[in-house]
Amino acid sequence: MNDRAKSWLNLASHQQSWGIESIVRELRGARQAWRQAHGRTRELGGREFPARDALRDIANALCGVLFPMRLGPPELSESSEDFYVGHTLAQALDALVRQLQLELSYSARLQGLSDSRSETQAVAIAKGLATALPALRRVLDADVHAAYLGDPAARSVDEVLLCYPGITAIIYHRLAHYLYRAGVPLVARILAEIAHSETGIDIHPGAQIGKGFFIDHGTGVVIGETAVIGERVRLYQAVTLGAKRFNSDADGKLEKGQPRHPIVEDDVVIYAGATLLGRITIGQGATIGGNVWLTRDVLPGSHITQANSQNITGTQHLAR
């Protein structure tokens with residue numbers, strides 16, 4: 001008996017000892033029941049959705065393209081930098097097109113439309129992202145510089161780029177935000193959740209964030225879908241920019257996409273544990289102290305602490 005035959009016998013023996021056959025059968029039944037209940041009975045013959053592992057590899061490659069001598073391969077030399085960037089970018093874009101096409105095809109089928117244009121659309125979105133990378137790199141340079149200036153423990157911008165979870169999160173966010181606005185929200189959300197799992201920082205790809213953004217420490221930060229953040233804003237760990245309430249339609253279903261998260265203007269600092277809820281405006285240059293709970297507007301230049309946060313009155317509300 002050859003090795004392959006022995007392997008198959010061992011596999012069959014393990015399946016019998018664990019009762020694998022009946023579990024496989026029951027899992028198939030569970031899948032079929034869910035698909036029937038949700039109208040997913042069409043047999044596509046292949047994967048229908050973008051793959052997390054593929055998108056993780058694409059994002060890592062794009063990080064290397066943006067910062068080749070810091071986030072690229074360890075053996076890279078400056079003399080081969082351009083070759084690496086070009087080669088890696090081409091591979092990443094080819095792989096990205098496949099993932100984008102999966103989402104676009106699924107979205108078209110969901111709307112009862114033909115998916116014949118999905119490949120053309122996917123190529124156009126990937127090309128647009130590639131064209132945007134130089135500008136995105138310049139914005140990220142401002143983010144890295146803001147982190148270096150904002151943390152006395154940072155010894156260099158290189159340390160910031162290599163070590164700070166807030167920088168990893170914002171790199172992923174700026175890639176994901178472009179794709180979100182380009183019309184592929186599922187791919188964008190997967191990228192955001194990959195960053196969330198790696199850094200503990202949860203930024204929805206729909207959030208609008210200006211340049212010079214710095215999240216110090218970072219763990220537990222949550223930034224909602226419709227949040228708008230200006231330039232040179234600094235957040236600390238466990239800050240939440242969340243929704244105060246969720247509006248429902250006549251059928252009781254949650255309304256999607258409504259503005260429900262804070263607007264944070266330029267040069268604002270929000271310290272650890274602060275919770276800001278609803279479509280409130282935090283005025284330019286304001287400072288929000290640690291563990292403050294806010295559901296009202298804050299005037300520009302204000303300093304809000306736990307002690308005085310309850311004294312914000314309606315006369316302080318900003319005009320909208």
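Going by the structure above, here's the rest.
Source: prediction; values computed, not measured.

Visitor: Go over the nonpolar core, please, and point to the residues and values.
Guide: Residues Ile223, Ile270, Ile282 and Ile288 are the most contacted members of the largest nonpolar core, which totals 74 residues. Among the secondary structure elements, those contributing two or more residues to this core are α3 (52-66), α5 (81-110), α6 (118-150), α7 (157-163), α8 (165-181), α9 (185-199) and β3 (214-215). Looking at this core, the element that brings in the most residues is α6, giving 11 residues. If you count residues domain by domain, this core takes at least three from each of domain 1 (50-200) and domain 2 (220-308). For Ile270, the contacting residues outside a window of four places in its chain are Arg234, Leu235, Tyr236, Val239, Leu241, Val264, Leu276 and Ile288.

Visitor: Can you break down the packing of aromatic side chains residue by residue, with the values?
Guide: Considering all chains together, one arrives at 2 aromatic pairs under this definition. Arranged with centres 4.9 Å apart and planes meeting at 15°, the rings of Tyr236 and Tyr271 form a pair that is stacked. Separated by 35 residues along the polypeptide, Tyr236 in the loop between β6 (234-235) and β7 (240-242) and Tyr271 in the loop between β9 (269-270) and β10 (275-277) bring together distant segments of the chain. Under the relative-accessibility criterion, Tyr236 is labelled buried at 13%.

Visitor: Any chance you could break down α5 for me, citing the residues and the numbers?
Guide: Residue pairs three or four apart in sequence face the same way in an α-helix, which turns once every 3.6 residues. Here α5 is 30 residues long and its end C-alpha atoms lie 43 Å apart, about the 44 Å a rise of 1.5 Å per residue gives. Looking one or two places after α5, you find Gly112, whose phi comes out positive at around 75°.

Visitor: Would you mind going over a positive patch on the surface in detail, with residue names and values included?
Guide: A cluster of like positive charges, contributed by Arg25, Arg28, Arg31 and Arg35, occupies part of the molecular surface. You can call Arg25 partly exposed: its relative accessible area is 44%.

Visitor: Lay out helix α2 (residues 20-37) with the relevant residues and their values.
Guide: Across its 18 residues, α2 extends 26 Å between first and last C-alpha, which sits within 8% of the 26 Å expected from 1.5 Å per residue. Looking one or two places after α2, you find Gly39, whose phi comes out positive at around 70°.

Conventions adopted
Along each chain, numbering runs from 1 in the same order as the chain's sequence is written. Local features in this predicted model are restricted to residues of pLDDT 70 or higher, and side-chain atom pairs are both shown and tallied only at a pLDDT of 80 or more, whereas totals for entire chains, interfaces and linings draw on every residue. By convention in this description, side-chain values take in all heavy atoms of the structure and omit both hydrogens and water. The set of buried Ala, Val, Leu, Ile, Met, Phe, Trp, Tyr and Cys residues whose side-chain atoms join them within 4.5 Å is what this entry labels a nonpolar core. Using a 1.4 Å probe on the protein chains alone, a residue whose accessible area is under 20% of its type maximum counts as buried, one over 50% counts as exposed, and one in between counts as partly exposed. The secondary structure listing takes helices from DSSP runs of H or I that are at least 4 residues long and strands from runs of E that are at least 2 residues long, numbered from the N terminus. Marked domain ranges trace back to an automatic or database domain assignment. We call two residues contacting when some pair of their heavy atoms lies within 4.5 Å. Any two rings among Phe, Tyr and Trp, with Trp reduced to its six-membered ring, count as a pair given centres within 6.5 Å; such a pair is stacked if its planes are under 30 degrees apart, edge-to-face if over 60, and tilted if neither. Every helix has an expected span of 1.5 Å times one less than the residues it contains. Like charges are joined within 9 Å and nonpolar side chains (Val, Leu, Ile, Met, Phe, Trp, Tyr) within 5 Å, but only among residues with over 30% relative accessible area and no salt bridge; these make up the patches. The accessible surface values rely on the Shrake-Rupley method and a 1.4 Å probe; as for residues, cover is taken only from the protein chains in view. Each salt bridge in this description consists of a side-chain nitrogen of Lys or Arg and a carboxyl oxygen of Asp or Glu lying within 4 Å of one another. Just so you know, the count uses Lys and Arg for positive and Asp and Glu for negative, and it drops His and the chain ends. Charged groups are reduced to one reference atom each: NZ for lysine, CZ for arginine, CG for aspartic acid, CD for glutamic acid.

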